[in-house]
Amino acid sequence: MKKTLYILCLTCILTSCASLFVAPNLEDTRIGEQNVMRVYLDGNNKILVNGHETALEELKDLVKNFITPHPGDNNAPEVEWKTIDNIDSILYSKGIVYFDADRNALFARYLDVQKEILQAFKERKDELSIKIFKKTYDQLDEEQTKIINNTVPIRVFETITEI
């Protein structure tokens, strides 16, 4: 079984969220298993999250919860504090979403799963934007957007399983 790795680049697919996307930081190549959420779309279009079948309607909330920092929870992704200019330290999650799709899955279903994953990141960015700047992510200026993107990076890796 061969896997091809793709780094998430969906600006052409979801143009309304184009400002949402930032390249993942690939400097940290050692990733603890607790920091990875595995989303798999099988050939029968079933979604599995960490091996458990999941409805599409539940996926966004599962991803959002996963990427939200939970200090002290040993089952959640690791967290660290980031000091950002003009702002106190902000808690940052090291969570990564690993999305693998079977080549036989329907493309429309694949896009549905992608959209839910990205919507989770957008909602998390909105929550943090409102908490820090009292406005949604889409209303932020360039500097504020950079702060939020550094605090909630979109760390999604995709593969397509080829048989």
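Residues numbered from 1 in each chain as written. Predicted model: local features only at pLDDT ≥ 70, side-chain atom pairs only at ≥ 80, totals over all residues. Heavy atoms only, no water.

Asker: Please give an account of the side chain of T145 that cites residues and values.
Answerer: Mapped onto the fold, T145 is located in helix 3 (residues 142-151). A relative accessible area of 16% means that T145 is categorised as buried. There is a polar contact of 2.9 Å between the side chain of T145 and the backbone oxygen of D141. (Helix = DSSP H or I, 4+ residues; strand = E, 2+ residues; numbered from the N terminus. Buried < 20%, exposed > 50% of the residue type's maximum accessible area, 1.4 Å probe, protein only. Polar contact = N/O pair within 3.5 Å; in protein donor to acceptor, adjacent residues only side chain to side chain.)

Asker: Lay out the environment of G43 in plain terms, naming residues and giving numbers.
Answerer: Looking at the secondary structure, you find G43 in the loop between strand 2 (36-41) and strand 3 (47-49). Of the residues examined, G43 reaches a relative accessible area of 29% and is grouped as partly exposed. Sequence separation of G43 and D102 is 59 residues, and the distance between their C-alpha atoms is 5.2 Å. Beyond its immediate chain neighbours, meaning those up to four positions away, G43 contacts D102, N104 and A105. (Contact = heavy atoms within 4.5 Å.)

Asker: Could you give an account of the side chain of D42, naming the residues involved and the relevant values?
Answerer: Note that D42 resides in the loop between strand 2 and strand 3. No salt bridge is formed by the buried D42, whose closest oppositely charged neighbour, K46, lies at an N-O distance of 5.6 Å. At 2.8 Å, the side chain of D42 forms a polar contact with the backbone nitrogen of N44. In this view, D42 contacts D102 and A105; residues no more than four positions away in its chain are not counted. (Lys, Arg positive; Asp, Glu negative; His and termini not counted. Salt bridge = Lys/Arg side-chain N within 4 Å of Asp/Glu carboxyl O.)

Asker: Please give an account of helix 1 (residues 56-67) that cites residues and values.
Answerer: An ideal rise of 1.5 Å per residue puts 16 Å on 12 residues; helix 1 measures up with 18 Å between its terminal C-alpha atoms. Three or more residues of helix 1 are buried, namely L56, L59, K60, V63, K64, F66 and I67. Along the axis of helix 1, the buried residues cluster in a sector spanning 160°; they form a single face. Buried residues belonging to helix 1 abut strand 2, strand 3, strand 4 (52-54), strand 6 (87-93), strand 7 (96-102) and helix 2 (107-133). (Expected span 1.5 Å × (residues − 1). Arc of directions from axis to C-beta.)

Asker: Help me get a handle on the packing of helix 1 against helix 2, residues and values and all.
Answerer: Helix 2 packs onto helix 1 with a crossing angle of 40° between their chain directions and a minimal axis gap of 8 Å. Relative to helix 2, the element helix 1 lies oblique. Note that helix 1 runs across helix 2; the crossing there is right-handed. For the pair helix 1 and helix 2, contact is made by L56, L59, K60, V63, K64 and I67 and by R109, D112, V113, E116, I117, Q119, A120, F121, E123, R124 and E127, respectively. Split by residue class, the contact of helix 1 with helix 2 holds 8 nonpolar, 1 polar and 8 charged. (Axes fitted to C-alpha atoms, helices over the stretch in contact; angles between N-to-C directions. Parallel < 35°, antiparallel > 145°, perpendicular 65-115°, else oblique. Left-handed = near helix turned anticlockwise from the far one by under 90°. Nonpolar A, V, L, I, M, F, W, Y, C, P; charged D, E, K, R; others polar.)

Asker: Give me the environment of N35: which residues, what numbers.
Answerer: Inspection of the secondary structure assignment puts N35 in the loop between strand 1 (2-7) and strand 2. On a C-alpha basis, the gap between N35 and P77 in space is 4.2 Å, while along the polypeptide they are 42 residues apart. The contacts of N35, once residues within four sequence positions are left out, are F66, P77, E78, K94, G95 and I96. Side-chain polar atoms of N35 contact the side chain of E78, separated by 2.6 Å.

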